[in-house]
Amino acid sequence: MSVFQTQAGILKTATVALDSTNATTIVNGGSTGCTVEYVRAVEMANSTATLILDIYRSATSYKIRGVKAMTAYEVYVDNNPIQLEAGDLLRATAGTADKIHVTASYTVPAV
């Protein structure tokens, strides 16, 4: 994990290899919330695995990207900021395990 200080807070990077078909936490809003600056997903296995991105809040899943297949070696980028409230999770779900890697850059408040 990389960490940088900015005027907006501390910039961090999370990386996850989706090794199952379960929803996998990419960024946890923690106790103060955070701002996800971008999400990048890469199909790594020359296949057409599906990818779902969602915000999980209070037992409800809010889709950012619905079920959609990625083409072989496709790079998906969403650079629209997403504000996670305290306790929120940014999650990714792959339709096939071991095919997609996800990276997210996010800012947490400086302490």
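Above this text sits the structure in question.
Residues numbered from 1 in each chain as written. Predicted model: local features only at pLDDT ≥ 70, side-chain atom pairs only at ≥ 80, totals over all residues. Heavy atoms only, no water.

## As for the overall build of the chain
Part 1 of the argument: Broken down by element type, the chain carries zero helices and 10 strands.
Part 2 of the argument: Taken from the N to the C terminus, the helices and strands of the chain come in the order β-β-β-β-β-β-β-β-β-β.
Part 3 of the argument: In terms of overall size, the chain behaves like a compact globule, its C-alpha atoms giving a radius of gyration of 14 Å where 111 residues would be expected to give roughly 13 Å.
Part 4 of the argument: Along the three orthogonal principal directions, the C-alpha set of the chain runs to about 45 × 30 × 20 Å.
Part 5 of the argument: In the chain, buried positions account for 40% of the 111 residues.
Part 6 of the argument: Sequence-distant contacts, at least 24 apart, represent 77% of the contacts inside the chain between residues at least 6 apart. (Helix = DSSP H or I, 4+ residues; strand = E, 2+ residues; numbered from the N terminus. Rg over C-alpha atoms; globule rule 2.2 N^0.38 Å. Buried < 20%, exposed > 50% of the residue type's maximum accessible area, 1.4 Å probe, protein only. Contact = heavy atoms within 4.5 Å.)

## Let's talk about the environment of Asn-46
Part 1 of the argument: Checked against the element boundaries, Asn-46 lands in the loop between β4 (34-43) and β5 (50-57).
Part 2 of the argument: Other than its neighbours up to four places away in sequence, Asn-46 contacts Ala-72 and Tyr-73.

## Structural notes on the pairing of β4
Part 1 of the argument: Across three bridges, the pairing between β4 and strand β8 (residues 82-84) is antiparallel. Considered in β8, the bridge of Val-36 is made with Ile-82.
Part 2 of the argument: In the sheet, β4 pairs with strand β10 (residues 100-108) via eight bridges, with the strands oriented antiparallel. In the sheet register, Val-39 faces β10, and the bridge partner there is Ala-104.
Part 3 of the argument: With four bridges connecting them, β4 and strand β7 (residues 75-78) associate as antiparallel partners. Looking across to β7, one finds that Val-39 is bridged to Asp-78. (Pairing = 2+ DSSP bridges.)

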